[in-house]
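Here are the chains, one letter per residue:
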Amino acid sequence: MNFPLLPFLLFLLIGSAQAQTEVWQPSPGQVQQPIWPGAVPDAIATPKAESVDRAEGHGGWSRVNDVSVPTMTVYSPKSENTGAAVVVFPGGGFQVLAMDLEGSEICDWLTSRGITCVLLKYRVPKGNHHWDEKCQCHITPKIPRALQDAQRTIRLVRSKAQELHLNPGKIGVIGFSAGGYLVAQTSNIFTPTYKAVDAADKLSSRPDFAIALYPGHLCRAGDRFDSSIHVTAQTPPTFLLQAWDDPVDPICNSMRYARELDRAGVPAEVHLFAKGGHAFGLRDKQHPVSSWPSLVENWLKDIGVL
């Protein structure tokens, strides 16, 4: 059977463009770059292709699935550069990533305050401790791939401090839901979870300050604190915020973590709001919880970051 050549070529080009849009892309003018210089460590042998779809709730949000090639996207300050940087860990239960709701939208806020924002697209699914719906139980994989990506990104940002006009002692993290668990991990697990690949891995992965909103996975069965997180005096100053009516991650996650921080003498600020639910990001305009960005900004001023 013969096909007209031009329509057939157009078909191939359109199909190729559609395939490329299946990988998450940042807003125009931003460039995402791989965080690993070569092969991704402990890569899954036959990963599914990354895809993006639209999830319901909070006006709809970009859900990124099956990330096997982790990247970071640097958003430069829109106002005067404060020298501070924040690495953003979106949530998604370590199954997917909410790359706009808890990612690029957060970067828009941070950069408007003179803070360099680094948005991490870490490996999912099952790249870290997660809740499994089938067995109704917590699953802890042998290889914490999301933590590997998080540690690597903090080190990379620190290695690029001069290039990005940053103070290497003002590099923090912010995470939402599962990303909040990554905040707790990076704040307390400083031993490398992967073999060094270049000079950047000689630097510390410890954040200088940490912000966790509606974190999950910290409060285990029997109201026990996650035994894999060991809070010490080396844990950075921490800001915690959660809504009392959160139907996904109960407030015991923030309360238990706050108690451990207090025992270790780590300075912390904790806010619990009556209403707000889960995964509100910057989109809740109906409840007092919407004031959280100004609370964070005031806290950053108090601890000398801004």
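As named in an unreviewed UniProt entry, the chain is Alpha/beta hydrolase fold domain-containing protein, taken from Duganella radicis.

**Student:** Explain the overall build of the chain to me, please; I cannot follow it from the model alone.
**Tutor:** Secondary structure assignment for the chain yields six helices and 15 strands. A compact globule built from 306 residues would reach a C-alpha radius of gyration of about 19 Å, and the chain, at 20 Å, matches this within 12%. Structurally, the chain occupies a C-alpha span of about 75 × 45 × 40 Å along its principal axes. Expressed as a percentage of its 306 residues, the buried residues of the chain come to 52%. Counting only contacts in the chain whose residues sit at least 6 apart along the sequence, the fraction spanning at least 24 positions is 78%. Accessible surface, the chain: about 14,300 Å² in total, of which carbon and sulfur atoms supply 56%. The chain carries 28 positive and 29 negative side-chain charges, and their two centres are separated by 5 Å.

**Student:** Quick question: what am I supposed to make of unusual backbone geometry here?
**Tutor:** Residue P125 is reached from V124 by a cis peptide bond, and omega for that bond is 5°. The topology assignment puts P125 in the loop between β7 (116-121) and β8 (130-132). Backbone geometry at H58 places phi at a positive 55°, although glycine is not the residue there. Relative to the elements of secondary structure, H58 occurs in the loop between β2 (51-55) and β3 (61-65). For A279, which is not glycine, the phi dihedral falls at a positive 55°. Residue placement: A279 occurs in the loop between β15 (268-273) and α6 (292-302). Among the residues examined, A279 registers a relative accessible area of 15% and is labelled buried.

**Student:** What's the story with the state of the cysteines in this structure? I'm lost.
**Tutor:** Disulfide: a covalent bond formed between the sulfur atoms of two cysteine residues. Applying the stated criterion across every chain, the model contains two disulfides. Note on cysteine connectivity: C107 is disulfide-linked to C117, with sulfurs 2.0 Å apart. Taking the sign of the torsion about the S-S bond as the criterion, the disulfide between C107 and C117, at about -55°, is left-handed. Of this pair, C107 sits in helix α2 (residues 100-111) while C117 is found in strand β7, placing the two residues 10 residues apart along the sequence. As far as burial versus exposure is concerned, C107 and C117 are alike and both buried.

**Student:** What's the story with the UniProt feature "domain: Peptidase S9 prolyl oligopeptidase catalytic" (unreviewed entry) in the chain in this structure? I'm lost.
**Tutor:** Mapped onto this structure's residue numbering, the UniProt feature "domain: Peptidase S9 prolyl oligopeptidase catalytic" (unreviewed entry) falls at residues 154-300. Taken end to end, residues 154-300 comprises 26% helix and 18% strand; its first and last C-alpha atoms sit 19 Å apart.

**Student:** When you look at the pattern of salt bridges in this model, what are you seeing that I'm missing?
**Tutor:** For the structure shown, the criterion picks out 16 salt bridges. Between R220 and D226 there is a salt bridge, with its nearest N and O atoms 3.2 Å apart. For D226, a relative accessible area of 2% translates into the label buried. Where salt bridges share partners, they join R54, D100, E105 and R283 into one cluster.

**Student:** Is there a simple way to think about the environment of S76 in this case?
**Tutor:** With respect to the helices and strands, S76 occurs in the loop between β4 (71-75) and β5 (85-89). Residue S76 is classed as exposed on the basis of its relative accessible area of 52%.

**Student:** Hey, could you run me through the packing of aromatic side chains in this one?
**Tutor:** Centre-to-centre distance and the angle between the planes together describe a pair of aromatic rings. The full count for this structure, using the stated rule, is nine aromatic pairs. On the basis of an interplanar angle of 55° and a centroid distance of 6.1 Å, the ring pair of F94 and Y122 is categorised as tilted. Note that F94 is positioned in the loop between β5 and β6 (96-98) and Y122 in the loop between β7 and β8, a separation of 28 residues in sequence. Classification of Y122 as buried rests on a relative accessible area of 0%. Ring plane angle 55° and centroid distance 5.9 Å describe the contact between F176 and Y214, whose orientation is recorded as tilted. Placement of the pair is F176 in strand β10 (residues 171-176) and Y214 in the loop between β11 (210-213) and β12 (219-220), with a sequence separation of 38 residues.

**Student:** Can you walk me through the pairing of β10 in this structure?
**Tutor:** Side chains on a regular strand alternate between the two faces of the sheet. Buried residues dominate β10, accounting for six of its six residues. Of the two faces of β10, both are covered, the one formed by I171, V173 and G175 as well as the one formed by G172, I174 and F176. Where β5 and β10 come together, five bridges link them in parallel fashion. Counted as the bridge partner of V86 is G172 from β10. Examined bridge by bridge, β10 and β11 share four bridges and lie parallel to one another.

Conventions used here
- Residues numbered from 1 in each chain as written.
- Predicted model: local features only at pLDDT ≥ 70, side-chain atom pairs only at ≥ 80, totals over all residues.
- Heavy atoms only, no water.
- Helix = DSSP H or I, 4+ residues; strand = E, 2+ residues; numbered from the N terminus.
- Rg over C-alpha atoms; globule rule 2.2 N^0.38 Å.
- Buried < 20%, exposed > 50% of the residue type's maximum accessible area, 1.4 Å probe, protein only.
- Contact = heavy atoms within 4.5 Å.
- Areas by Shrake-Rupley, 256 points an atom, 1.4 Å probe, with all protein chains shown as cover.
- Lys, Arg positive; Asp, Glu negative; His and termini not counted.
- Charge placed at Lys NZ, Arg CZ, Asp CG, Glu CD.
- Disulfide = S-S within 2.5 Å.
- UniProt positions renumbered as here; feature names shortened; annotations may be inferred.
- Salt bridge = Lys/Arg side-chain N within 4 Å of Asp/Glu carboxyl O.
- Phe/Tyr/Trp six-rings, centres within 6.5 Å; stacked < 30°, edge-to-face > 60°.
- Pairing = 2+ DSSP bridges.

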